[in-house]
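Letter by letter, the chains look like this.
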There are 2 protein chains.
Amino acid sequence: MRQSIKTGTERVTIAQVAREAGVSKTSVSRFLGGEFDALSVRLRDQIGTTIARLGYQPSQMARGLKGGRTRLIGMLVADILNPYSVAVLHGAEAACQKYGYTLMLCNTGNDEQREKQSLAALHSYSVEGLLFNTQGRNVTPLKELGQAAFPVVLLDRRVEGCDFDLVGLDNVSAAQLATSHLLEQGYTDIALVVQPLYGVSSRQGRQAGFLQAMNRRPDCHGETLEVHIDQPGHTATVLHEFFLRRRNGGGRIAILAGNGMVSLQIALALQSMKLRFPEDIGLLCFDELAWSPLVGAGISTIEQPTYEIGFTAIERLLVRINGERSGRKEILLDGRLVRRGSTAPVATGHAAP
Amino acid sequence: MRQSIKTGTERVTIAQVAREAGVSKTSVSRFLGGEFDALSVRLRDQIGTTIARLGYQPSQMARGLKGGRTRLIGMLVADILNPYSVAVLHGAEAACQKYGYTLMLCNTGNDEQREKQSLAALHSYSVEGLLFNTQGRNVTPLKELGQAAFPVVLLDRRVEGCDFDLVGLDNVSAAQLATSHLLEQGYTDIALVVQPLYGVSSRQGRQAGFLQAMNRRPDCHGETLEVHIDQPGHTATVLHEFFLRRRNGGGRIAILAGNGMVSLQIALALQSMKLRFPEDIGLLCFDELAWSPLVGAGISTIEQPTYEIGFTAIERLLVRINGERSGRKEILLDGRLVRRGSTAPVATGHAAP
DNA sequence: CTGTTAGCGCCTTCAG
DNA sequence: CTGAAGGCGCTAACAG
């Protein structure tokens, strides 16, 4: 006879519904499970009415406890401040809503310790599966999941030694597309600017595509520049050195930014160096951002189908959750080139001041 | 003796730990609950070792079922594509991680139907509290929560007829700050451009601050422009009309953008109208965005302490969850003016082409 | 078609 | 200090 001190919201239970409807809990449970062919019309109506009247909602906790169907999906994001992650999250959340799942979100901030803790947290809630955008280093905890055949779909970044499904961009093709575009526009000295390659397969893929495209043009020069974007001024320094190194070669210089975070740093660096694009330097960026059309004459980009990536990843995960046991599958979606002023061909050599 | 067909990850249970450690489930439970003073050192060690060896993690589902402490917090976001929401989410997620909670995220896309469904979903998982960034219209389901004294903290937007706590920007002051800045810089014809005011208290607050500041300057002209940013070209049209209407008044025109989403539309519109700032028009935007420094001579902004808003909101929610019953509390944080080129005072009347 | 009986994994009295 | 027993809300055999 104790009163709940907590909220006053006494949760309506299946037992209450059963009692008020004058039936057994089992029947109510069947109703909830949609087993209508196992219920007389009379019962069905009584139960339906009572549920509506009481505003009853089954507890997913209790349901999950029994059968393991928690209808929960965990999502681990390497960096929630990265617009890419958010865009993918958007698609994933939409898919979850469509299929009746709920997303538990953890941001790891590219930290392996937090990644591990978050993994533990999600596990403790018996999520049915995981969408995983890993930070890349020290992936032992992930591997354990793999051995346990736990449903996991990787986002964007592959993990060595694990045979998880993956959904992401076709990085090699996209980078080829990007590089070819720059070459076609008459750029001859191109720097691919990326965050540290180590451990991040998508960056490596983009580099591979870049190199392949450059190799077809021995008359042109290509190099990869690694920048630490959390280190203030680093991008500007690296860029400056590159520019000094190549400016007198007589070629036309361009930069290919490896992702949206890098794009921002590059745009800021170019601004501080007073370099305009495309007059002084060509610029093409991975990731279409809200502001891509706005800066200078507009920045050309490789747009990723981010919403689709997130949505597809959830669908793939649900397939796994529903028991599919086939081999590892990679779903690579195509990037799209968005041409803007920053890669326009400049008539003649327009010298910087 | 049935094998789990699902994953092969046979969940380690408290019973297993108890058996292997040669103790009772109760003792293990005490260990988990931190009741060490009720355990002999020997037991404590045995249990600790066994837990570590088995990699046991208690099921939050089962825990929650019993006592209601699910350690789950639901977050309802009006629009995940709004950078503001993401920034707040960032802070909220960090706070959750700090305090051992996990976030269940739902995006309502500013749709009242989805808001209602998401609410139901979160409820079914027995979240202990809710962070709520409502779409504003039709708030009956929210009110029911209020009557049940369920812990809720509102983000950014107030809800009429509910006495929930709220964390957000001090919109009135921030708008005064913004408007004053424009006036000080010599702008005389100012348009506050916002999304529809109806039902969204933060927009109304910003308008109030704007009007208050304008009223102190009867020699200047201020008006509020509502735009529908999902309607292509609408912002440009409204802006164009405003510009035509005021350009011959001899005053200096400026725009105050009501939030980040609007800022983007305005920047695009101005670009298509070939209007430069500050030469042709002044521009000040609510919400500091990654690209604010990049466009034109840089866009002046009112920066919100978004991370802090999210973090504080969680902390406030936890206070409520832990039983605080005091009256409604509003925590309003201050905005910060970031001066850039877009509100620079222009020497003389610089006519547009 | 319907209800009874057992748990799911954990916490919480209540006895030793 | 320790453990046995009961129940949280729900589902899943197993009988009728």
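The residue numbers shown here count from 1 along each chain, following its written sequence. Chain letters start at A and ligand numbers start at 1, both assigned in the order the entries are written. Local features in a predicted model are, by the rule used here, given only for residues with pLDDT of at least 70; side-chain atom pairs are given and counted only at 80 or more, and totals for whole chains, interfaces and linings are based on all residues. Water and hydrogen atoms play no part in the side-chain values, which are based on all heavy atoms of the structure.

1. Digging into the sheet that holds strand β1 (residues 72–77) of chain B
Reading across from one edge, β11(A)-β5(A)-β4(A)-β3(A)-β1(A)-β2(A)-β2(B)-β1(B)-β3(B)-β4(B)-β5(B)-β11(B) is the order of the 12 strands in this open sheet, with mixed pairing throughout. In this open sheet, the two strands that pair with only one neighbour each are β11 (330–333) of chain A together with β11 (330–333) of chain B. Strand-to-strand twist of the sheet, defined as the mean angle between neighbouring strand axes without regard to direction, takes the value 20°. Relative to strand β2 (residues 102–107) of chain B, β1(B) runs parallel, the two sharing six bridges. Counterpart to Leu72(B) in the pairing with β2(B) is Thr102(B). Here, a strand pair is defined by DSSP locating no fewer than two bridges between the strands. In DSSP terms, a helix is any run of H or I states spanning at least four residues, a strand is any run of E spanning at least two, and both are numbered starting from the N terminus. Between N-to-C directions, angles span 0 to 180 degrees; the directions come from axes that are lines fitted to C-alpha atoms, helices contributing only their stretch in contact.

2. Digging into helix α7 (residues 140–147) of chain B
Residues and elements named next belong to chain B. Partly exposed describes any residue whose relative accessible area lies between the buried limit of under 20% and the exposed limit of over 50%, with all areas from a 1.4 Å probe on protein chains only and scaled to the type maximum. Pro141, Leu142 and Leu145 are the residues of α7 that are buried. Down the axis of α7, the buried set is contained in an arc of 105°. They therefore lie on one face. For α7, exposure combined with an orientation more than 90 degrees from the buried face picks out Glu144 and Gln147. Residues are treated as being in contact if the distance between any of their heavy atoms lies within 4.5 Å. Considering only its buried residues, α7 is in contact with α6 (112–124), β3 (129–132) and β4 (152–155). Directions drawn from the helix axis to the C-beta atoms are what define this arc.

3. Let's talk about the interface of chain B and chain A
Taken residue by residue, the interface counts 53 residues in chain B and 53 residues in chain A. Both faces combined, the contact of chain B with chain A buries some 4700 Å², and carbon together with sulfur accounts for 61% of it. If you sort the residues of chain B by the area they bury against chain A, Met61(B), Tyr125(B) and Leu294(B) come out on top, with a joint share of 16%. Take a side-chain nitrogen of Lys or Arg and a carboxyl oxygen of Asp or Glu: if they are within 4 Å of each other, that pair is a salt bridge. The interface formed by chain B and chain A includes zero salt bridges. Each polar contact in these results corresponds to two N or O atoms within 3.5 Å; when the atoms are within protein, one needs to be able to donate a hydrogen and the other to accept it, and residues that are neighboring in sequence are counted only if both atoms are side-chain atoms. The tally of links from chain B across to chain A stands at 18 residue pairs in polar contact (both at pLDDT 80 or more). Contributing elements (two or more residues each) for the side of chain B that touches chain A: α4 (60–67), α5 (83–99), β2, α6 and α11 (260–272) of chain B. Here the side of chain B that touches chain A takes seven residues from α6(B), the largest share from any one element. Across the side of chain B that touches chain A, the residue classes break down as 29 nonpolar, 18 polar and six charged. Buried area is understood as the total, over both parts, of accessible area removed when two parts are fitted together, assessed with a 1.4 Å probe. Lys, Arg, Asp and Glu make up the charged group, whereas Ala, Val, Leu, Ile, Met, Phe, Trp, Tyr, Cys and Pro make up the nonpolar group; the residues left over, Gly among them, are polar.

4. Some words on the protein's contact with DNA strand C
Within the structure, DNA strand C sits among 25 residues, and Thr26(A), Ser40(A), Ile14(B), Tyr56(B) and Arg63(B) are positioned closest to it. When atoms of DNA strand C within 4 Å of the protein are sorted by moiety, sugar and phosphate together comprise 56%. Backbone polar atom of Ser40(A) to a phosphate oxygen of DNA strand C: 2.4 Å apart, as the coordinates give it. It is helix α2 (residues 25–33) of chain B that contributes the most residues to the surface near DNA strand C, five residues altogether. Whether a residue is near a molecule or strand depends on its heavy atoms: if one lies within 4 Å, it is near.

5. Section: the environment of Val167(A)
Residue and element names in this part refer to chain A. Tracing the backbone shows Val167 in strand β5 (residues 165–169). Val167 sits in the buried class, given a relative accessible area of 0%. Put simply, Val167 and Leu332 are 165 residues apart on the chain and 5.9 Å apart in space, counted from C-alpha to C-alpha. With residues up to four places along the chain from it excluded, the contact list for Val167 reads Val153, Leu154, Leu155, Asp156, Ile309, Thr312, Ala313 and Ile331.

6. Describing the packing of helix α5 (residues 83–99) of chain A against helix α12 (residues 306–321) of chain A
All names here are of chain A. Direction vectors running N to C along α5 and α12 enclose 45°, while the axes themselves pass 7 Å from each other. On the basis of the axis angle, α5 is oblique to α12. Helix-helix and strand crossings are classified by hand; for α5 and α12 the assignment is right-handed. Residue-level inspection shows Tyr84, Ala87, Val88, His90, Gly91, Ala92, Ala94, Ala95, Cys96, Lys98 and Tyr99 of α5 in contact with α12, the latter providing Thr306, Tyr307, Ile309, Gly310, Phe311, Ile314, Glu315 and Leu318. Of the residues assigned to the contact of α5 with α12, the class counts are 13 nonpolar, four polar and two charged. To sort the angles, those under 35 degrees are grouped as roughly parallel, those over 145 as roughly antiparallel, those from 65 to 115 as roughly perpendicular, and the leftovers as oblique. Definitions for this section: a left-handed crossing has its near helix turned counterclockwise from the far helix by less than a right angle. A right-handed crossing has that turn clockwise.

7. Describing the protein's contact with DNA strand D
Near DNA strand D there are 25 residues, and of these Ile14(A), Tyr56(A), Arg63(A), Arg30(B) and Ser40(B) occur at the shortest range. By atom count, sugar and phosphate contribute 55% of the portion of DNA strand D lying within 4 Å of the protein. Ser24(B) is positioned such that a nitrogen or oxygen atom in its backbone is 3.3 Å from a phosphate oxygen of DNA strand D. Between Arg30(B) and DNA strand D, the recorded distance is 2.4 Å, taken from a side-chain N or O atom to a base oxygen. The set of elements that each furnish at least two residues to the surface near DNA strand D consists of α2 (25–33) and α4 (60–67) of chain A together with α2 and α4 of chain B.

8. Quick word on the domain arrangement of chain A
What counts as a domain boundary in this text is fixed by an automatic or database domain assignment. On domain assignment, one finds that chain A holds domain 1 (4–66), domain 2 (70–169 + 306–333) and domain 3 (171–304 + 336–343). Each of domain 1 of chain A and domain 2 of chain A was reduced to a C-alpha centroid, and the two centroids are 33 Å apart.

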